[in-house]
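# Analysis of the macromolecular model
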Amino acid sequence: MKKIILLFLVTAIPALAQKNSNLIGRFSTGWNYYSKGASLSPQLNSFTNYGMLNYRSFAGDGQSIRYQLRGDFYQKTGLTTTPTLDRGEQFNNRYIVRQLYGSYAVFRGEIKLGRVVPLGTNVDAYPINGAIVENILIGNVWRVSVFGGKIHDEYANRLEGLGYNAGGSLVYDRKTWMAGTGFTSEQLRQTKLSKAYLFGEYRPSVQWRLSSRNQYIVNHSLIGYSQNAAYYRFNKNLSARLFVEYHNRRAYAPAPTDSIGWDRFFETRKETLFGGSVRYQIFNFKKIGALDAVPAFRKRLGNDDLTYAALQLNYRNYFWSRFNFGLGGSYTSNQWLNNVKASVYWNKDFFNGRLDGGISAAFNAYTWSNAGASTKNLSTVSADLNYRFNSSWNAACGIYEEFGNATDPHSGMNVRINYYLR
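Residues numbered from 1 in each chain as written. Predicted model: local features only at pLDDT ≥ 70, side-chain atom pairs only at ≥ 80, totals over all residues. Heavy atoms only, no water.

A word on the pattern of salt bridges. Inspection of the entire model under this criterion finds nine salt bridges. Across the pair Glu-134 and Lys-112 runs a salt bridge whose closest N-O atoms are separated by 3.1 Å. In this pair, Glu-134 sits in strand S6 (residues 128-138) while Lys-112 sits in strand S5 (residues 109-116), placing the two residues 22 residues apart along the sequence. On the basis of relative accessibility, which here comes to 10%, the residue Glu-134 falls in the buried class. For Lys-112, a relative accessible area of 8% gives the class buried. (Salt bridge = Lys/Arg side-chain N within 4 Å of Asp/Glu carboxyl O. Helix = DSSP H or I, 4+ residues; strand = E, 2+ residues; numbered from the N terminus. Buried < 20%, exposed > 50% of the residue type's maximum accessible area, 1.4 Å probe, protein only.)

Core analysis: the biggest nonpolar cluster contains 11 residues, these being Tyr-101, Val-116, Val-123, Ile-128, Ile-132, Phe-147, Val-171, Met-178, Tyr-197, Phe-199 and Tyr-225. Counting residues per element, the ones that place at least two in this core are S6 and strand S10 (191-205). Residue contacts for Tyr-197: discarding those within four places in its chain leaves Asn-122, Val-123, Asp-124, Gly-180, Thr-181, Gly-182, Phe-183, Thr-184, Asn-214, Gln-215 and Tyr-225. (Core = buried A, V, L, I, M, F, W, Y, C linked by side-chain atoms within 4.5 Å. Contact = heavy atoms within 4.5 Å.)

The phi dihedral of Ser-221 falls on the positive side, at around 55°, and the residue is not glycine. Mapped onto the fold, Ser-221 is located in the loop between strand S11 (208-217) and strand S12 (222-235).

As a further point, take the confidence of the model for the chain. With 84% of its residues at a pLDDT of 70 or more, the chain shows a mean pLDDT of 85. Considering only residues more than four positions removed or in separate chains, one finds that residues 1-20, a stretch of pLDDT under 50, has 16 contacts. (pLDDT = per-residue confidence, 0-100.)

By secondary structure assignment, the location of Lys-348 is in strand S18 (residues 337-350). It turns out Lys-348 is buried and unbridged, and the closest side chain with the opposite charge, Asp-349, is 5.4 Å from it. For Lys-348, the side chain forms a polar contact with the side chain of Ser-321, separated by 2.8 Å. In this structure, Lys-348 is in contact with Ser-321, Arg-322, Phe-323, Leu-355, Asp-356 and Gly-357, ignoring residues within four places of it in sequence. (Lys, Arg positive; Asp, Glu negative; His and termini not counted. Polar contact = N/O pair within 3.5 Å; in protein donor to acceptor, adjacent residues only side chain to side chain.)

Have a look at this one:
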């Protein structure tokens, strides 16, 4: 039955597109494979399907959208899974409705109703079953957003959700600067939080800008975070970005997600981070190519500290055969390990840009912080191909191998076909 439905969609969608150009969408199906080795994936062998349909009705000018209906759907079937003693965690099939809503344009903004992800530019928000008033423009300088609803589980389609999330923001936006404030109230499972936000940006020219985003947990009297960044472009060859951040991980919990973030398992402590990066173009000649250097540095104080330093070299070749090539190296030290990493990549397009291919490798040598721990190595080699049949169809394939004395050999492969309805 699933194959019949998929075949119907693939054959019927182009016909729909010819009758109504307001209908757009994307459909993707793929196969993912991971060897048992040291894989963190609970689905060692699986099929994943994704679909998005968006019907838009345009205003008289033919540019702005009057109303739209949109749905985002995700389906995954596990063919081979890692064993677990908990029967409730056994994975077979998953059907997820990520978004399903209707919207209507008003005052250069939108009113959305249904299962939807709030615009999280200025305040933090969970996906909800509810309503959103998004970016309503008042007097050409004020922008107002308000949302509220039940937090929906990204791993199930239950209407009751995991709790509630409501809030909004008010922004005063001028040509060279922006300032705003916001407030949210949430209950996720057994945790209730009230959060206040203050944010702003100063952008007098394309040469430089300053930005700040801050969160305060009202009912706990704690600063959740303060994220501040500065960007300056000295000339066409040199630019720099600096940042200073404060995080109190006792004050909030990260939103549920399908991916594992680099900081997902950090202890709930206070920490201050600062660092930056520089982009410098060493040379750019038509007969030689262009070479960029990107040094970066990051330091964390608190949470047992962290030191990170890296240098990336990127070369773009212009003559004979166009390609991109890069070399990188980094050093990381935190409460668990000291790691030295070297990386290399190469990618190129073929057949007038229809085929894009690349290979990459990363080599890690690390020691655990425990006294007397021996050095371990972990390396990954991967190759990726993407072929564009036409403006609507493309296919991609990726394969990698992970090896070293730090883990069991581990292989992975994914194949995906995408269709874009325009």
